[in-house]
Amino acid sequence: MADIEAARKAFERFDGDGDGFITAAEYKSAMAQMGDFHVTESVAEAVIAARDTNGDKLLSFDEFWAHLNKS
Ligand SMILES: [Ca+2]
Ligand SMILES: [Ca+2]
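Residues numbered from 1 in each chain as written. Chains lettered and ligands numbered in written order. Predicted model: local features only at pLDDT ≥ 70, side-chain atom pairs only at ≥ 80, totals over all residues. Heavy atoms only, no water.

## Regarding the coordination of the calcium ion (ligand 1)
Note the following rule: A donor here means any N, O or S atom no more than 2.8 Å from the metal (3.2 Å for Na, K and Ca); water is not included, so a site may seem to lack partners. Donor angles set the geometry label: tetrahedral for four donors if every angle is between 85 and 135 degrees, square planar for four and octahedral for six if opposite donors exceed 155 degrees and the others are between 65 and 115, irregular for anything else.
Summarising the metal site, the calcium ion (ligand 1) is bound by the protein donors Asp15 (OD), Asp17 (OD), Asp19 (OD), Phe21 (O), Glu26 (OE) and Glu26 (OE), whose distances to it range over 2.2 to 2.4 Å. For the calcium ion (ligand 1), the 6 donor atoms in the first shell make angles of 54 to 157° at the metal, so the coordination geometry reads as irregular. On the primary sequence, the residues serving as donors to the calcium ion (ligand 1) are separated as D-x1-D-x1-D-x1-F-x4-E.

## A word on the coordination of the calcium ion (ligand 2)
The condition that has to hold: To sort residues, take the accessible area from a 1.4 Å probe on protein chains only and compare it with the maximum for the residue type: under 20% means buried, over 50% means exposed, and anything in between is partly exposed.
With distances of 2.3 to 2.5 Å, the protein atoms coordinating the calcium ion (ligand 2) are Asp52 (OD), Asn54 (OD1), Asp56 (OD), Leu58 (O), Glu63 (OE) and Glu63 (OE). Of note is the calcium ion (ligand 2), whose 6 donor atoms meet at the metal with angles of 53 to 156° in an arrangement that counts as irregular. Positions of the donor residues of the calcium ion (ligand 2), expressed as sequence spacing, correspond to D-x1-N-x1-D-x1-L-x4-E. Overall, the relative accessible area of 54% leaves asparagine 54 in the exposed class.

## Structural notes on unusual backbone geometry
What counts here: Numbering of helices and strands runs from the N terminus; a helix is a DSSP stretch of H or I covering at least four residues, while a strand is a stretch of E covering at least two.
Here the phi dihedral of lysine 57 falls at roughly 70°; this positive angle occurs in a residue that is not glycine. With respect to the element layout, lysine 57 can be found in the loop between α3 (41-51) and β2 (59-60). On the basis of relative accessibility, which here comes to 67%, the residue lysine 57 falls in the exposed class.

Shown next as structure tokens:
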């Protein structure tokens, strides 16, 4: 079981505009801010798609949390 408070903090770091959803663009810029410039737009899209269970191309906290508890 992952730590939900730590997960929320991580989620908020990715959710640049704070609307409660992480887009591929937000994921890419968050990774760049953390110093990982290997994450391109298409890599970010693949990462989001792998976790996006309802297929809206956005990562909600529930989807983010479900993924953490799977791995
Ligand atoms: Ca957002
Ligand atoms: Ca989604």
